[in-house]
Amino acid sequence: MRILFLGRGVISTQYAWAFEKAGHTVEFYVRKGRKETFGSHIELEMWDARRGKQLIQENWNVKLHEEISPNYDLIIVSVNTEQLPKAAQLLSTVAGNTPVLIFNNIWLDLKSSISPLSMNNVVFGFPGAGGGIADNRLRGGFLKMLFLEKPRAGTEHINNKVKELFESAHFKINWIKDMQNWLWNHFAMNAAMETEVLKVGSFPAILNHRDSFANVGKNMREIVPVLQARGAKIDMISLLLTKIPPAFLGTLFNKVILAKGSIPRLIIEYNNSKPNFAVLEVVREAKKLGIPLPRLTTALENNKRHNVIEN
């Protein structure tokens, strides 16, 4: 397949590398001026968990474009959540009938999140990867598992194409029946985690704060009424975060889910992104609904004051 990725970010780069190794042609669309800034290669230091745990260290050549042609079998969009509306607007004018995989975190309803793209030309998924990029060096990792919505009426051909692509690169798909609900719950969990990141200053820093993961459950308890008010069903993971005692939850994260040396832990260690968007979006929604979120609001306000002092 010939595949175009929107943006040369952490997620796009790791999956593009895997697809190229599987024999596909991969290219990137970047904003004007970025092609020169990024250059023709990127330094990779990433963990591949498809067959055990392998460290990939490679100076990888990439093909970047600042214009989009319609000559692709699939376009994959994995951008910062706040950038998705502009990405959808762009694709509505240049993508033609090329099918699109939205590989993204989303808080809006799915149809609104990709407007004016047609739902009939789009499928939604979520990666099992992460990390960070600095000075044209990517440090990250990806798991074997990823998430993809089950076909809707009319999208079967796109789902089959995406399935063929990922399976050709030895990824395993976890099919999600209600992707809207899954993404809402996942976004809420991100907000619960980012609240703690705001307190300590960075994603890597939470790994050294014993209480951070215990507090994720407390934050999630605040957010659950917001999910319910939107009409979301609380999924099993969200429910467990609210029911497991905080002290035990902290131990579970530190010793099991994010055990030392695990790829999920390394992904957090390498994550150099700035948190607050997920927290802001959930707090804004809560205000509209009249639902108090004292823990999230306090974290935002304290972070804002800290930034003012720093600047």
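On a predicted model such as this, the values are computed, not experimentally measured, just so you know. (Residues numbered from 1 in each chain as written. Predicted model: local features only at pLDDT ≥ 70, side-chain atom pairs only at ≥ 80, totals over all residues. Heavy atoms only, no water.)

**Looking at the sheet that holds strand S2 (residues 25-29)**
Spatially, the 8 strands line up as an open sheet ordered S5-S2-S1-S6-S7-S8-S11-S12, and their pairing is mixed. Looking at which strands have only one partner, the edges of the open sheet turn out to be strand S5 (64-65) and strand S12 (172-176). Where strand S6 (residues 74-77) lies against strand S7 (residues 100-103), 3 bridges are found, and the strand directions are parallel. Paired with Val-77 across the strands is Ile-102, a residue of S7. (Pairing = 2+ DSSP bridges. Helix = DSSP H or I, 4+ residues; strand = E, 2+ residues; numbered from the N terminus.)

**Quick word on the environment of Thr-297**
By the element assignment, Thr-297 lies in helix H13 (residues 294-310). Along the backbone, Thr-297 and Val-282 are 15 residues apart, and their C-alpha atoms lie at a distance of 9.9 Å. Here the side chain of Thr-297 touches Leu-293 through a polar contact of 2.8 Å, landing on its backbone oxygen. (Polar contact = N/O pair within 3.5 Å; in protein donor to acceptor, adjacent residues only side chain to side chain.)

**Concerning unusual backbone geometry**
Across residues other than glycine, the phi torsion is negative in most instances, and most of the peptide bonds are trans. The omega torsion across Ser-115 and Pro-116 is 15°, close enough to zero to call that bond cis. Mapped onto the fold, Pro-116 is located in the loop between helix H4 (110-114) and strand S8 (122-126). Although it is not a glycine, Asp-135 sits at a positive phi angle of roughly 55°. You can see Asp-135 is positioned in the loop between strand S9 (129-134) and strand S10 (137-142). Residue Asp-135 is classed as exposed on the basis of its relative accessible area of 80%. If you check the backbone angles, His-170 has positive phi at about 70° while not being a glycine. Counting through the fold element by element, His-170 comes out in the loop between helix H5 (156-168) and S12. Relative accessible area serves as the criterion here: at 40%, His-170 is assigned to the partly exposed category. (Buried < 20%, exposed > 50% of the residue type's maximum accessible area, 1.4 Å probe, protein only.)

**Remarks on the pattern of salt bridges**
Oppositely charged side chains may form a pair once their charged atoms are brought near each other. Inspection of the entire model under this criterion finds 14 salt bridges. Here Glu-27 makes a salt bridge to Arg-2, at a shortest N to O gap of 3.0 Å. Placement of the pair is Glu-27 in strand S2 and Arg-2 in strand S1 (residues 2-6), with a sequence separation of 25 residues. Owing to a relative accessible area of 4%, Glu-27 belongs among the buried residues under this scheme. For Lys-163, the salt bridge is made with Glu-167, and the minimal N-O distance between the two is 3.0 Å. (Salt bridge = Lys/Arg side-chain N within 4 Å of Asp/Glu carboxyl O.)

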